[in-house]
Amino acid sequence: MPAILNSSLFILHHHHPLFSTAVLSLRRHYHHLNISLFSPSRTTTLRAYSTSSSSLSIQSSANPNVRTGRSGSVTSPPIEHDTSQKIDVNPPKGTRDFPPEDMRLRNWLFHHFREVSRQFGFEEVDFPVLESEALYIRKAGEEIRDQLYCFEDRGNRRVALRPELTPSLARLVIQKGKSVSLPLKWFAIGQCWRYERMTRGRRREHYQWNMDIIGVSDVTAEAELISSIITFFKRIGLTTSDVGFKVSSRKVLQEVLRCYSVPENMFGRVCIIIDKIGKIPMDDIRKDLQSADMSEVAIEELLQVLSLKSLEKLEEKLGASGEALSDLKQLFSLAERYGYSEWLQFDASIVRGLAYYTGIVFEGFDREGKLRAICGGGRYDRLLSTFGGDDLPACGFGFGDAVIVELLKERGLLPELGLQVENIVCSLDQELQGAASAVATILREKGQSVDLVLENKPLKWVFKRAARINTRRLILVGKAEWQKGMVSVKTLSTGEQLEIKLDELE
């Protein structure tokens, strides 16, 4: 009986809100019989979708256990779980906890992100983690569209956890309009979500550092952004022997496709296919290109161009007059002046997978080839118009936190980041706990960090804790010293111990 009811009742419940009261009653009935009315395997795999506008409505007063959204749509109460069973203490698949030691590493990484951004004159911005789903629905076939964590909220709005930061940036730029002066130099560090296959350095959530320049059409903007990433690499100990940049332009691909009369509306699809080179077999690349209405001759010519690794060869193939070659030559010339030309190499196969790129594109890569792209970016001059705004020249990059940590592990460059507290304060008598609190307050008001021992602990325990938190000084509050308005201060690195007056405590 339960197996027969399970799927049919779920469909009725989902499409006919008026039926929910009866379903709830049945659920309670089968719960008492220790029978599950809705199997978890069915309910957890369902995607959110819009119900028919012709569905019957029902007032929440009809049943106190049925809640309504802001629009009056009926939502079921939370499913009751057996509280006697232990909860799974692991985070959801593809996500992470950040215990103190991992949080210290994250803070260290973010500190360098922020310091580099500050050095380059950028201002920090942030956006909601939850955005309108429409912000990410761009051209059909784009991979990111199938990786969204999306659902309908209780106001019947389609929303999604942001998979990247650039569309949110574009939305904010449109919102601000002419109230901000150009160029904009903004950076952000935010958590992003994608339901994708997990590999080394790829999770279903990650933090991403973005730097974007809005309002500069010249390649000087791309050169500045690449310089900022190289500055970051140098700060954390990476050199040109560890990492490099592959650089190309979407205009290279455009020029080839134009020669073979490939429809302009197929450009985005071809970019997505080309971005898979090196990730799937070449035979599959050819088949996908054929499905994009490309002739065999055009496919062979395109693949030949994409195999080029020098600007000289590109010029031989496309001629010297094209925009793509002009932009790339200017970028490599600027790299010479910045002093980072040895970090760059031309690779025509780099197109980036997102549909909005329009010109120069680049990827940071691990020279040993063990990891996926470290970072990537490029020019996106026509993004704002896809959201109803006026287009502005723009470029930027995204830099995730996962791959760079894997690379630093590979190179033995992860910093040792133990907890560091300047002082540990301990009372030698339970009656002096208040006095110890007063000492801690004095030091904290002077900007020092203090670990106050909150219980009556033996000195052996206090010394062990002091070693664990790498504290510089141990401050003991004893009766004799306190009566004289003093405390005992022990410098743990030297073993020197002095009695110091409270008003002289620094």
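Everything below is about the structure printed above this text.
Residues numbered from 1 in each chain as written. Predicted model: local features only at pLDDT ≥ 70, side-chain atom pairs only at ≥ 80, totals over all residues. Heavy atoms only, no water.

Examining empty space enclosed by the protein
1) Next: In the structure shown here, the tally under the stated rule is one cavity of 30 Å³ or more.
2) Next: Of all the secondary structure elements, the ones that give two or more residues to the lining of the largest cavity are helix 5 (166-176), strand 7 (184-193) and strand 8 (205-214).
3) Next: Top contributing element to the lining of the largest cavity by residue count: strand 7, with three residues.
4) Next: Classifying every residue of the lining of the largest cavity gives seven nonpolar, two polar and one charged. (1 Å grid on protein atoms, 1.4 Å probe; cavity = no way out; pocket = protein on both sides within 12 Å on 5 of 7 lines; lining within 4 Å. Points joined across faces, edges and corners; volume = space filled by probe spheres on them. Helix = DSSP H or I, 4+ residues; strand = E, 2+ residues; numbered from the N terminus. Nonpolar A, V, L, I, M, F, W, Y, C, P; charged D, E, K, R; others polar.)

Overview of the pairing of strand 9 (residues 243-249)
1) Next: A large share of strand 9 lies buried, amounting to six of its seven residues.
2) Next: Two strands pair when backbone bridges link them, and strand 9 and strand 11 (residues 360-366) are joined in this way by seven bridges, in the antiparallel orientation. Paired with Phe245 across the two strands is Gly364, which belongs to strand 11.
3) Next: Pairing analysis gives three bridges linking strand 9 to strand 10 (residues 344-346), with the strands arranged parallel. For Phe245, the partnering residue across the bridge sits in strand 10 and is Leu344. (Buried < 20%, exposed > 50% of the residue type's maximum accessible area, 1.4 Å probe, protein only. Pairing = 2+ DSSP bridges.)

Some details on the sheet that holds strand 4 (residues 130-132)
What links the strands of a sheet is backbone hydrogen bonding, and the strands pair in either a parallel or an antiparallel sense.
1) Next: Spatially, three strands are ordered 4-6-5 in an open sheet, and the strand pairing comes out antiparallel. Since the sheet does not close on itself, it has two edges, and those belong to strand 4 and strand 5 (149-152), each with one partner. Shown here is a sheet whose adjacent strand axes are inclined to one another by a mean of 35 degrees, direction ignored.
2) Next: Judged from the four bridges that link them, strand 5 and strand 6 (residues 158-161) form a sheet pairing that is antiparallel. What sits directly across from Phe151, in strand 6, is Val159. (Axes fitted to C-alpha atoms, helices over the stretch in contact; angles between N-to-C directions.)

A closer look at the packing of aromatic side chains
1) Next: Counting across every chain of the model gives 20 aromatic pairs.
2) Next: A centroid spacing of 6.0 Å and a plane angle of 25 degrees characterise the contact between Phe110 and Phe113, whose relative ring orientation is stacked. Remark: Phe113 and Phe110 occur in helix 4 (residues 100-119); sequence separation between them is three residues, near one turn of the helix.
3) Next: Exposure remark for Phe110: the relative accessible area of 7% places this residue in the buried category.
4) Next: For the ring pair Phe113 and Phe399, a centre distance of 5.6 Å and an interplane angle of 65 degrees mean the geometry is edge-to-face. Of the two residues, Phe113 is situated in helix 4 and Phe399 in strand 13 (residues 394-400); the sequence distance between them amounts to 286 residues. Of the two residues, Phe113 and Phe399, neither departs from the other in class, the shared state being buried.
5) Next: Through successive ring pairs, a cluster of aromatic residues spans Phe98, Phe110, Phe113, Tyr207, Trp209, Phe232, Phe233, Phe245, Trp343, Phe362, Phe397 and Phe399.
6) Next: The aromatic ring of Tyr207 is capped on one face by Arg106, whose charged end is 4.4 Å from the ring centroid.
7) Next: The positively charged end of Lys246 is found above the aromatic ring belonging to Phe365, 4.9 Å away from the centroid. (Phe/Tyr/Trp six-rings, centres within 6.5 Å; stacked < 30°, edge-to-face > 60°. Lys NZ or Arg CZ within 6 Å of the ring centre and 35° of its normal.)

As for a nonpolar patch on the surface
1) Next: Taken together, the side chains of Leu428, Leu459 and Phe463 make up a nonpolar region of the molecular surface, amounting to roughly 250 Å² of accessible area.
2) Next: Its place among the elements puts Leu459 in helix 15 (residues 459-468). (Patch = residues over 30% accessible without salt bridge, like charges linked within 9 Å, V, L, I, M, F, W, Y side chains within 5 Å. Areas by Shrake-Rupley, 256 points an atom, 1.4 Å probe, with all protein chains shown as cover. Salt bridge = Lys/Arg side-chain N within 4 Å of Asp/Glu carboxyl O.)

A look at the environment of Gly339
1) Next: Relative to the helices and strands, Gly339 is located in the loop between helix 12 (323-338) and strand 10.
2) Next: For the pair formed by Gly339 and Ser227, sequence separation is 112 residues and the distance between their alpha carbons is 9.1 Å.

Topic: the pairing of strand 7
1) Next: With respect to burial, strand 7 is a largely interior element, nine of its ten residues being buried.
2) Next: Where strand 3 (residues 123-124) and strand 7 come together, two bridges link them in parallel fashion. The partner of Glu124 across the bridge, within strand 7, is Phe187.

Focus: helix 4
1) Next: Here helix 4 contains 20 residues, and its C-alpha end-to-end distance of 28 Å stays within 8% of the 28 Å for a straight helix at 1.5 Å per residue.
2) Next: Within helix 4, the full set of buried residues consists of Leu105, Arg106, Trp108, Leu109, Phe110, His112, Phe113, Val116 and Ser117.
3) Next: Residues of helix 4 that are buried sit in contact with strand 7, strand 8, helix 6 (220-235), strand 13 and helix 13 (401-411).
4) Next: Where helix 4 ends, the next residue or the one after it, Gly121, has phi of about 80 degrees, a positive value. (Expected span 1.5 Å × (residues − 1). Contact = heavy atoms within 4.5 Å.)

Some words on the environment of Leu318
1) Next: Relative to the elements of secondary structure, Leu318 occurs in helix 11 (residues 311-318).
2) Next: Spatially, the C-alpha atom of Leu318 lies 7.8 Å from that of Glu255, the residues being 63 residues apart in sequence.
3) Next: What Leu318 contacts, discounting residues up to four positions off in sequence, is Val252, Glu255 and Val256.

Describing the pattern of salt bridges
1) Next: Counting across every chain of the model gives 28 salt bridges.
2) Next: Measuring nitrogen to oxygen at the nearest pair gives 2.8 Å for the salt bridge that ties Glu205 to Arg96. Of this pair, Glu205 sits in strand 8 while Arg96 is found in the loop between strand 2 (74-75) and helix 4, placing the two residues 109 residues apart along the sequence. The residues Glu205 and Arg96 share a single accessibility class, namely buried.
3) Next: Between Lys446 and Glu506 there is a salt bridge, and its shortest N-O distance comes to 3.9 Å. Within this pair, whereas Lys446 is found in the loop between helix 14 (433-445) and strand 15 (450-452), its partner Glu506 is found in the segment after strand 18 (497-501), the two being separated by 60 residues in sequence.

Shape descriptors only; they carry no functional weight alone.
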